[in-house]
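This is what each chain is made of:
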Amino acid sequence: MKKGNVITISDVAEALGVSKTTVSRAISGKGRIGEATRQKVLAYIEEHDYKPNVIARGLAQSKTFNLCVVMPEDYALVDLPFFQEVITGIQEIAGMNEYDILLCICQENDITGLERVVRNRKVDGIVLLRTFLKDPQIELLLEKKIPFVTTGSTTYRKVKQVDNDQQSACRELTSILLMRQMKHIALLGGSESFVVNQNRYKGYQQAYREAGVPGAVSGDEGAGREVEETLVYRNLESRAFMDRAVEEVLEKGADCIVCMDDAICIQVLRKLRQEHIKVPQDIRVASFYNSSVLENNIPSITSLSFNARELGMEACKNLLAQIEGET
C-alpha cells in the first residue's frame, strides 16, 4: 500500500492481521492491548499517513469532538469585537485539539437552542460567553452534568469560570480619578442582571470606601468618601435613557463621567459632541472597558484594557481539561 493513500481502520487491521477493535484501542490509547501490538499499529498508521475518521474516532471514545459556544442574542454592535476575540481564542485552542465549534445564540430567559444542543448530545462541552445573576443556562448545564465553563464570573457554586479581575481593575481606575481630584464622578452602566456589571460596580464602590484611608486594603470599610448616588445611573438599555442620563449628570455638575463599558461610552461621547461639550476641557470621560472603537476616538479615552482572546484561550483549555477528566 502506498504512503498517502486513503486507508480505513479495516485496511490497517487486515494488513497487520489484527482485529479492528485492536486497532481502535491502539489509536485511542484505551482498553486492554499489549504494548508491542500498540506500537506496531501506531508505527503502521504513521508510515501510511492514516488519519482516523473523526466520526469513527468519536464513537470509539464516546465523543463528538464538538464544543458549543453560547452567545447572548441581545448584544450591542459595539460588543461584537469582544465576542469575536473571545471566540478566536477558543477556536485556536479547540483547533489544536481537533475540536470544532458550534455556535448557539440564546436570550437571557430563552435557552431553547441550548436545550436542543444538550438534548441531542451534539457537543462534549460548552462555553458561556455571558453570565447572569439568575442564569437558566448554568442551571440547565449543572442539572445535566455537562462540562462547561464561563468567560465571566458567576455566583453559582462549583462552576468553572475564567474572568479578568473586573472588581480590582475598576477599583484601581476609579481610585486614580479620585486621586486626580475629581469631585463629582458620575457612573453610567448597563443591566444589573449581568454579573460583570455587578463586579464593576463593586470596584467603583470599593474605590470610594478606600479613598483617603491610609493603608486601606481590599474590603476595608473605613471612613472613605461616599458615592454620590444621585450621579449613579444603571440599567441604561437604550439611547434615549443614556442621553437623558448625560443631560442630568451635566445639570448636577459632574466633572467626570465613568462608563461601565465601551458601548455606553460611545453613546456618551456622541451626546457630548451633540451638546458641544468638549472632552477633556469641559468634562472628563473614562470607561471600564476598552474596544477597537474607543481606541480610534479623538481625544483618547482613559479606559481599562482586557485581553479577550486570551480569555477565550484559557476558557477552552479549562473546558478540554474537564472533558478529559482532569482535576
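Here, the structure is the one placed above.
Caption draft 1: Just the pattern of salt bridges, in detail. Counted by the stated rule, this structure contains 12 salt bridges. Between glutamate 314 and lysine 317 there is a salt bridge, with the nearest N and O atoms lying 3.5 Å from each other. Residue glutamate 314 and its partner lysine 317 are located together in helix H13 (residues 308-323), separated by three residues, close to a single helical turn. The class of glutamate 314 is partly exposed, set by a relative accessible area of 34%. One connected set of salt bridges, linked through shared partners, spans Arg244, Glu247, Glu248, Lys271 and Glu275.

Caption draft 2: A look at the nonpolar core. Counting residues in each nonpolar core, the largest one holds 45 residues, and the members touching the most others are Leu67, Leu129, Ile185, Leu187, Tyr204, Val258 and Phe288. Going through the elements one at a time, strand E1 (66-72), helix H5 (80-96), helix H8 (166-179), strand E6 (185-188), helix H9 (195-210), strand E8 (256-259) and H13 are the ones with two or more residues in this core. Broken down by element, the residue count for this core peaks at eight residues, all from H13. Dropping the residues within four chain positions of it, tyrosine 204 is found in contact with Cys170, Thr174, Ile185, Ala186, Leu187, Val227, Val232 and Phe288. Core analysis: the next-biggest nonpolar cluster, separate from the first, contains 22 residues, Cys265, Val268, Leu272 and Val285 among them.

Caption draft 3: Examining H5 more closely. Here H5 spans 24 Å end to end across 17 residues, near enough to the 24 Å set by a 1.5 Å rise per residue. For H5, the set of buried residues is Phe83, Val86, Gly89, Ile90, Ile93 and Ala94. All buried residues of H5 lie within an arc of 130° about the axis, which places them on one face of the element. The inward-facing, buried residues of H5 contact E1, strand E2 (100-106), strand E3 (125-128), strand E4 (148-151) and H13. Among the residues trailing H5, glutamate 98 stands out with phi positive, at a value near 60°.

Reading guide: rules and limits
- Residues numbered from 1 in each chain as written.
- Predicted model: local features only at pLDDT ≥ 70, side-chain atom pairs only at ≥ 80, totals over all residues.
- Heavy atoms only, no water.
- Salt bridge = Lys/Arg side-chain N within 4 Å of Asp/Glu carboxyl O.
- Helix = DSSP H or I, 4+ residues; strand = E, 2+ residues; numbered from the N terminus.
- Buried < 20%, exposed > 50% of the residue type's maximum accessible area, 1.4 Å probe, protein only.
- Core = buried A, V, L, I, M, F, W, Y, C linked by side-chain atoms within 4.5 Å.
- Contact = heavy atoms within 4.5 Å.
- Expected span 1.5 Å × (residues − 1).
- Arc of directions from axis to C-beta.

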